[in-house]
Amino acid sequence: MYTANEKRYEKMKYNRVGNSGLKLPAVSLGLWHNFGDTDKYSTMEEMCFTAFDNGITHFDLANNYGPKAGSAEKNFGRILKEHFKPYRDEMIISTKAGYDMWAGPYGDGGSRKYLIASLNQSLERMGLDYVDIFYHHRMDPETPLEETMCALDQIVKSGKALYAGLSNYDGPTLEKATAILNELHTPFIINQNSYNILNRTIENNGLKSTAAKLGKGIICFSPLAQGLLTDRYLKDIPEDSRVKKDGRFLKEKNVEDNREVLIKLNEIAAARNQTLAEMALAWILKDSDITSVLIGASRPAQILDNIKALENTSFSKEELDAIDKLTLNK
């Protein structure tokens, strides 16, 4: 039986989620990759132990994480049952629904039917009575926004989630959704969106500024651009890299098109006594509008390396200007 490190809360920073009463660790663990049925269970265990032992209390999932879909929740549920049951009240566990999950017209989107059915399945896979945060995973133009928000409200008020969240929304839709949830008195507190040095979408679609205005938190996934913002691809593409093994999200062309920028970003990081990955995470966490970054990992050492970003999240104006000059026109 796993026993947690007694000093696990000494070094991690915890940030308040918008104007809510909840805090999240500055670094959270995402289970998008490396927790499916094609991965090694003992490595999953070790990554969860390493994360929690170092103050990472937040574990983020979705119904379709795998492969196959649902397997990340199933594997995490086994880890919870075998090792983390005594620590459940110290943990923030989140999941989502919105993308394609099962066959037929009720297996994706934003309908009340899909969201409630999906969460029930997620809870069963993880062996939980509730999750701490439940997200609608994407905007769905085919479903009235009121229906989706009312489903989130029902989910929270039924006790199956403590807080509601939205993922992959833009600023205008976030504002409309917030108005509905405020009227329902639903504890909606957080947005989950892709954000990194190379991907400034939430700066351009109003999400970042609107979340700040409304007092909502932001947690960022793909903060290292699927591994692009690391030292893995500065010279070539390793045979054991994600690009070679799983080219769904990061492709060889992405690497080749960005290599010159990556090399120059790495020079800025080196001058800060950081790795490129550490600087990329620190760049996000420099901003008080950001609550947490969601890291992915394939081995425990990567988690420890990413936590080092917290040692220096301050940037000079010259550093920020140099980063922007390299990346804003990408």
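Residues numbered from 1 in each chain as written. Predicted model: local features only at pLDDT ≥ 70, side-chain atom pairs only at ≥ 80, totals over all residues. Heavy atoms only, no water.

Looking at this structure, how should I read the overall build of the protein?
Along its length, the protein carries 12 helices and 10 strands. Since a compact globule built from 330 residues should have a radius of gyration of about 20 Å, the 19 Å found for the protein is in line with a globular shape. Its C-alpha atoms put the protein at 50 × 45 × 40 Å along the principal axes. Here the protein carries 42 positive and 45 negative side-chain charges, and the mean point of each set is 1 Å from the other. (Helix = DSSP H or I, 4+ residues; strand = E, 2+ residues; numbered from the N terminus. Rg over C-alpha atoms; globule rule 2.2 N^0.38 Å. Lys, Arg positive; Asp, Glu negative; His and termini not counted. Charge placed at Lys NZ, Arg CZ, Asp CG, Glu CD.)

Whenever I open this one, the pairing of strand β9 (residues 217-221) confuses me. Can you help?
Each regular strand displays side chains that alternate between the two surfaces of the sheet. In terms of residue burial, β9 counts as a mostly covered element, since 5 of its 5 residues are buried. Of the two faces of β9, the one carrying Gly217, Ile219 and Phe221 and the one carrying Ile218 and Cys220 are both buried. Where strand β8 (residues 188-194) and β9 come together, 5 bridges link them in parallel fashion. Bridge pairing links serine 194 to phenylalanine 221 in β9. Bridging between β9 and strand β10 (residues 292-295) involves 2 bridges; their strand directions are parallel. Across the sheet, cysteine 220 pairs through a bridge with valine 293, a residue of β10. (Buried < 20%, exposed > 50% of the residue type's maximum accessible area, 1.4 Å probe, protein only. Pairing = 2+ DSSP bridges.)

When you look at the side chain of threonine 143 in this model, what are you seeing that I'm missing?
Secondary-structure assignment places threonine 143 in the loop between β6 (131-136) and α4 (145-157). Within the local environment of threonine 143, its side chain forms a polar contact with the side chain of aspartate 140, the two groups lying 2.5 Å apart. Among residues more than four places away in sequence, those in contact with threonine 143 are Gly110, Ser111 and Thr148. (Polar contact = N/O pair within 3.5 Å; in protein donor to acceptor, adjacent residues only side chain to side chain. Contact = heavy atoms within 4.5 Å.)

Explain the environment of leucine 29 to me, please; I cannot follow it from the model alone.
For leucine 29, the position within the fold is in strand β3 (residues 27-30). What makes leucine 29 buried here is its relative accessible area of 0%. Those residues within four positions of leucine 29 in sequence are excluded, and the remaining contacts are Phe35, Met47, Ala51, Ile56, His58, Phe59, Asp60, Leu294, Ile295 and Ile303.

Please clarify how helix α2 (residues 71-84) should be interpreted in this entry.
Because an α-helix completes one turn every 3.6 residues, residues spaced three or four positions apart along the sequence face the same direction. Here α2 contains 14 residues, and its C-alpha end-to-end distance of 18 Å stays within 8% of the 20 Å for a straight helix at 1.5 Å per residue. For α2, every residue scored as buried is listed here: Ser71, Ala72, Glu73, Asn75, Phe76, Gly77, Ile79, Leu80, His83 and Phe84. (Expected span 1.5 Å × (residues − 1).)

Would you mind showing me how to read the packing of helix α1 (residues 41-53) against helix α11 (residues 300-307) here?
Two elements in contact, α1 and α11, have axes whose closest approach is 8 Å; the angle formed by their N-to-C orientations is 25°. Here α1 is positioned roughly parallel relative to α11, judged by the angle of their axes. As for how α1 packs across α11, the hand of that crossing is right-handed. From α1, Glu46, Met47, Thr50 and Ala51 reach across to α11, where they touch Pro300, Ile303 and Leu304. For the contact of α1 with α11, the per-class residue count stands at 5 nonpolar, 1 polar and 1 charged. (Axes fitted to C-alpha atoms, helices over the stretch in contact; angles between N-to-C directions. Parallel < 35°, antiparallel > 145°, perpendicular 65-115°, else oblique. Left-handed = near helix turned anticlockwise from the far one by under 90°. Nonpolar A, V, L, I, M, F, W, Y, C, P; charged D, E, K, R; others polar.)

Can you walk me through the packing of aromatic side chains in this structure?
The geometry of an aromatic ring pair comes down to the distance between the two centres and the angle between the two planes. Counting across every chain of the model gives 14 aromatic pairs. Ring geometry for phenylalanine 59 and phenylalanine 84: centres 6.3 Å apart, planes at 55°, overall tilted. Placement of phenylalanine 59 in strand β4 (residues 58-60) and of phenylalanine 84 in helix α2 is noted, with a sequence separation of 25 residues between them. Residue classification places phenylalanine 59 among the buried residues on the basis of a relative accessible area of 0%. (Phe/Tyr/Trp six-rings, centres within 6.5 Å; stacked < 30°, edge-to-face > 60°.)

Looking at this structure, how should I read the sheet that holds β10?
Two orientations exist for strands paired in a sheet by backbone hydrogen bonds: parallel and antiparallel. Strand order in the closed barrel formed by 8 strands is β3-β4-β5-β6-β7-β8-β9-β10, and the pairing between neighbours is parallel. Within this sheet the neighbouring strands show an average axis-to-axis angle of 30°, counted without direction. With 3 bridges joining them, β3 and β10 adopt parallel strand pairing. Looking across to β10, one finds that serine 28 is bridged to leucine 294. Set on the sheet, α4 makes contact with β6 and β7 (161-167); between it and β7 the angle comes to about 155°. Its contacts with the sheet place helix α10 (residues 276-285) against β9 and β10, and it is angled at close to 150° to β10.

How should the pattern of salt bridges be read in this particular structure?
Pairing is possible between side chains that carry opposite charge, provided their charged atoms lie close to one another. Under the criterion given, the structure shown has 17 salt bridges. Between glutamate 319 and arginine 272 there is a salt bridge; the shortest N-O distance is 3.0 Å. A residue pair is termed long-range when its members are at least 10 positions apart, and glutamate 319 in helix α12 (residues 317-327) and arginine 272 in the loop between α9 (252-271) and α10 qualify at 47 residues. Residues joined in a network through salt bridges with shared partners are Arg200, Glu203 and Asp324. (Salt bridge = Lys/Arg side-chain N within 4 Å of Asp/Glu carboxyl O.)

Just checking my understanding: could you explain helix α3 (residues 112-126) for this structure?
With 15 residues, α3 should reach 21 Å at 1.5 Å per residue; the first-to-last C-alpha distance of 21 Å fits that figure. Listed as buried for α3 are Tyr114, Leu115, Ile116, Ser118, Leu119, Ser122, Leu123 and Met126. Looking one or two places after α3, you find glycine 127, whose phi comes out positive at around 70°.

Remember, this is a structural readout, not a statement about activity or role.
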